[in-house]
Amino acid sequence: MYLFKKISTLIRFLESYRNKNRPIGFVPTMGALHEGHLSLVRQSLEATQCTVCSIFVNPTQFNEASDLEKYPRTPAKDLTMLYKAGCDVVFMPAPEEVYPPGLDTSVNIGFAGLDHPMEGRFRPGHFQGVAQVVKRLLDIVEPDKLLMGQKDYQQFLIVRHMARVLSLPTEVVMAPTVREKNGLAMSSRNQRLSPEQRELAAALRQTLQKAAKWIRKYPPREVEQKAIQALRQYPGIEPEYFQLADGATLQPAPDYENPDSIVACAAIWIGGVRLIDNMILKG
Ligand code: AMP
C-alpha cells in the first residue's frame, strides 16, 4: 500500500495506471474508518485495478466549528484497516494541499434543488463544501469509478448530479449501507456514543422499518408525523427530520404511485451526536 500526502507525487504515481488504461477506483472519506468505508474499498478493488482511498476531514463542509473539532480522528488505525483490506493507495493531504492559498476551488453549479431539503435545510452550506472537496479530489485522482455509500443518500445524488452537469469522466456508484448487528448504520460519529446510546440509536433504523409498513395504510405526511412521534417516545432521542422524499428529486413524495422511487430519510440527535439514516421504500 502506498501513502501519499502530496498531490504531485500521487498524480505521478497514478499516471502509470492511466497510461495503461487501468481503471482507477476512488473512495473519499473523512477517516475514523469502519466496515462501511471498507465495503466501499472492497467494491472498488473488485471493479478496478487501483483503489485510492482519501482521508481528509474537510473543514468546508462543517457548518459548526465545534463539530469539526470533535470529529473523530484515528489515522494510525485507519491505515492498518486499509492495509488489511488490500487498498492500493491512501491519500492523506493537509488542508493547505487541498486548498492552497490563491486557488479558487469553489464549485459554481446549481444542484437542481437537491441541496435544499433535509440535510441542506439543517446544515446550511454543507453540500457546497461537499461538492467543493469532491470536485477538487476528483480533479486530482481522475478516477473511473467513485464509490459512495447509500447512508448519505442526498450526498450521493448531489455528487452524481455534479458529475453529470460538469461531464466528469467518472461513474458515481452507490453502495449499500453497512450496519451494526442492532441495525444502527455504521458511522464515524458512532464512536462518540456510549454503549447505551448505541443501543438507543437502533431506534432510528427500527422507525424507518415501521415507516415501510405504515405506507400501506397512511399517506406520506401522516407517516412522517407518526415516525417523528415514535422517535420522540424514546427518552434521549431528539428527531430533527423524517421525510418521505421522491428518490430522484428529494422533494416530499406527494403519494406512493407517481414517484418512480421513494426514500425515507431521517436525522436524529442523541446527546450531542447527530445521526442520519435512510431506507429506500420504492424503486
Ligand atoms: P465519511 O467518512 O463519513 O465522509 O464517509 C465516506 C464515504 O463512506 C461516503 O461515501 C459515505 O456514504 C460512506 N459511508 C459512511 N458510512 C457508511 C456505511 N455505514 N455503509 C456504507 N457506506 C458508508
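Residues numbered from 1 in each chain as written. Predicted model: local features only at pLDDT ≥ 70, side-chain atom pairs only at ≥ 80, totals over all residues. Heavy atoms only, no water.

Trainee: How do you make sense of the sheet that holds strand S2 (residues 24-29) when you look at a structure like this?
Mentor: Ordered by their spatial adjacency, 6 strands build an open sheet running S1-S4-S3-S2-S5-S6, and the pairing between neighbours is parallel. The open sheet terminates on both sides in strands that have one partner only, identified here as strand S1 (2-4) and strand S6 (171-175). Between one strand axis and the next, the sheet turns by 25° as a mean value, whatever way the strands run. Bridge count between strand S3 (residues 50-55) and strand S4 (residues 89-91): 3 bridges; the pairing is parallel. Counterpart to Val52 in the pairing with S4 is Val89. Sheet strands touched by helix H2 (residues 35-47): S2, S3, strand S5 (145-149) and S6. Its angle to S2, the strand with the most contacts, is close to 170°. (Pairing = 2+ DSSP bridges. Helix = DSSP H or I, 4+ residues; strand = E, 2+ residues; numbered from the N terminus. Axes fitted to C-alpha atoms, helices over the stretch in contact; angles between N-to-C directions. Contact = heavy atoms within 4.5 Å.)

Trainee: What is the right way to look at the side chain of Gln154 in this model?
Mentor: By the element assignment, Gln154 lies in helix H8 (residues 153-165). At a separation of 2.8 Å, a polar atom in the side chain of Gln154 contacts the main-chain carbonyl oxygen of Leu114. When residues no more than four places from it in sequence are discounted, the contact partners of Gln154 are Leu114, Asp115, Pro117, Met118, Glu119, Gly120, Phe127 and Leu250. (Polar contact = N/O pair within 3.5 Å; in protein donor to acceptor, adjacent residues only side chain to side chain.)

Trainee: When you look at the packing of aromatic side chains in this model, what are you seeing that I'm missing?
Mentor: Both the distance between ring centres and the angle between the ring planes are used here to describe each pair of aromatic rings. If you walk through the whole model with that rule in mind, you get 7 aromatic pairs. Taken together, a centroid distance of 4.7 Å and an interplanar angle of 45° make the contact between Tyr2 and Phe13 tilted. Here the residue Tyr2 occupies a position in strand S1, and Phe13 occupies one in helix H1 (residues 7-19), the gap between them amounting to 11 residues. Centroid distance Phe122 to Tyr241: 5.7 Å. Interplanar angle 20°. Geometry classified as stacked. A residue pair is termed long-range when its members are at least 10 positions apart, and Phe122 in helix H6 (residues 119-122) and Tyr241 in strand S7 (residues 237-246) qualify at 119 residues. Above the ring of Trp214, the side-chain terminus of Lys226 is found at 5.0 Å from the ring centroid. Its end group placed over the ring of Tyr218, Lys226 keeps NZ or CZ at 4.7 Å from the ring centre. (Phe/Tyr/Trp six-rings, centres within 6.5 Å; stacked < 30°, edge-to-face > 60°. Lys NZ or Arg CZ within 6 Å of the ring centre and 35° of its normal.)

Trainee: Before we go on, may I ask you to explain unusual backbone geometry in this structure?
Mentor: Leaving glycine out, the prevailing phi sign among residues is negative, and the prevailing peptide bond configuration is trans. Even without being a glycine, Asn21 presents a positive backbone phi close to 55°. Within the element layout of this structure, Asn21 appears in the loop between H1 and S2. With a phi close to 50°, Ser167 is a non-glycine residue in the positive phi region. In this structure, Ser167 sits in the loop between H8 and S6.

Trainee: How should empty space enclosed by the protein be read in this particular structure?
Mentor: Any space left empty among the atoms is revealed by the rolling of a water-sized probe across them. One pass over the full model with this rule turns up 1 cavity of 30 Å³ or more. Counted as a void, the largest cavity has a volume near 50 Å³. Every residue lining the largest cavity is listed: Gly183, Leu184, Ala185, Ala201, Leu204, Arg205, Leu275, Ile276 and Asp277. Of all the elements in the fold, those that place two or more residues in the lining of the largest cavity are helix H9 (195-214) and strand S9 (273-282). Looking at the lining of the largest cavity, its residues break down into 6 nonpolar, 1 polar and 2 charged. (1 Å grid on protein atoms, 1.4 Å probe; cavity = no way out; pocket = protein on both sides within 12 Å on 5 of 7 lines; lining within 4 Å. Points joined across faces, edges and corners; volume = space filled by probe spheres on them. Nonpolar A, V, L, I, M, F, W, Y, C, P; charged D, E, K, R; others polar.)

Trainee: I keep staring at the domain arrangement of the protein and nothing clicks. Help me out?
Mentor: Accessible area lost upon the coming together of the parts is a frequently used measure of interface size. By domain assignment, the protein separates into domain 1 (2-175) and domain 2 (188-278). For domain 1 versus domain 2, the separation of C-alpha centres amounts to 26 Å. With 23 residues of domain 1 at the interface, the matching set in domain 2 holds 19 residues. Carbon and sulfur atoms supply 53% of the area that domain 1 and domain 2 bury against each other, a total of about 1,900 Å² over both sides. Looking at the side of domain 1 facing domain 2, the largest losses of area belong to Met118, Phe122 and Tyr153, adding up to 31% of the total buried there. Joining domain 1 to domain 2, the criterion identifies 2 salt bridges. A salt bridge links Glu119 to Arg274; the shortest N-O distance between them is 2.8 Å. Seen at the junction of domain 1 and domain 2, the total is 9 residue pairs in polar contact (both at pLDDT 80 or more). Of all the secondary-structure elements, those providing two or more residues to the side of domain 1 that touches domain 2 are helix H3 (65-70), H6 and H8. Broken down by element, the side of domain 1 that touches domain 2 gets its largest block of residues, 3 residues, from H8. Looking at the side of domain 1 that touches domain 2 residue by residue, the classes come out as 10 nonpolar, 7 polar and 6 charged. (Domains from an automatic or database assignment. Buried area = accessible area lost by both parts, 1.4 Å probe. Salt bridge = Lys/Arg side-chain N within 4 Å of Asp/Glu carboxyl O.)

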